[in-house]
Amino acid sequence: MCGSLFGGSPPPPPPPKEDKTGKAIRERQRIEEAANAKKNKEDLLAQRIRQYRHTMAGGSSLLQGRRGGQGFEVSSQLLSRDTLGA
């Protein structure tokens, strides 16, 4: 016998009425926080891209610099013939 003879519990009371100005303030704060979060994400992405370009490229590339675009030098001991490469 699991139940009461009267049906069930009474319905919960209705939620209290909120002040519309408080609701508007919270909505405005939520919008501002979302905008700040988006700006922070964009700034962080830009910073990571700058850091990646600086560190991964090392500030130089194989095509720039003193011997840029000339390839690499192979020792004459590694050559099979004078006309062929390594």
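You'll find the structure just up there.
Residues numbered from 1 in each chain as written. Predicted model: local features only at pLDDT ≥ 70, side-chain atom pairs only at ≥ 80, totals over all residues. Heavy atoms only, no water.

A. The overall build of the protein, seen in detail. From N to C terminus, the protein includes one helix and zero strands. Burial analysis of the protein (86 residues in total) assigns 1% to the buried set. Within the structure as shown, the protein displays about 9,100 Å² of accessible surface, and the carbon and sulfur contribution to it stands at 57%. (Helix = DSSP H or I, 4+ residues; strand = E, 2+ residues; numbered from the N terminus. Buried < 20%, exposed > 50% of the residue type's maximum accessible area, 1.4 Å probe, protein only. Areas by Shrake-Rupley, 256 points an atom, 1.4 Å probe, with all protein chains shown as cover.)

B. Main features of the pattern of salt bridges. Under the definition given, this model contains two salt bridges. When the shortest N-O distance is used, the salt bridge between arginine 30 and glutamate 27 registers 2.9 Å. One end of the pair is arginine 30 and the other is glutamate 27, both in helix H1 (residues 20-56) and three residues apart, which spans about a single turn. What makes arginine 30 exposed here is its relative accessible area of 52%. (Salt bridge = Lys/Arg side-chain N within 4 Å of Asp/Glu carboxyl O.)

That is the geometry; function is a separate question.
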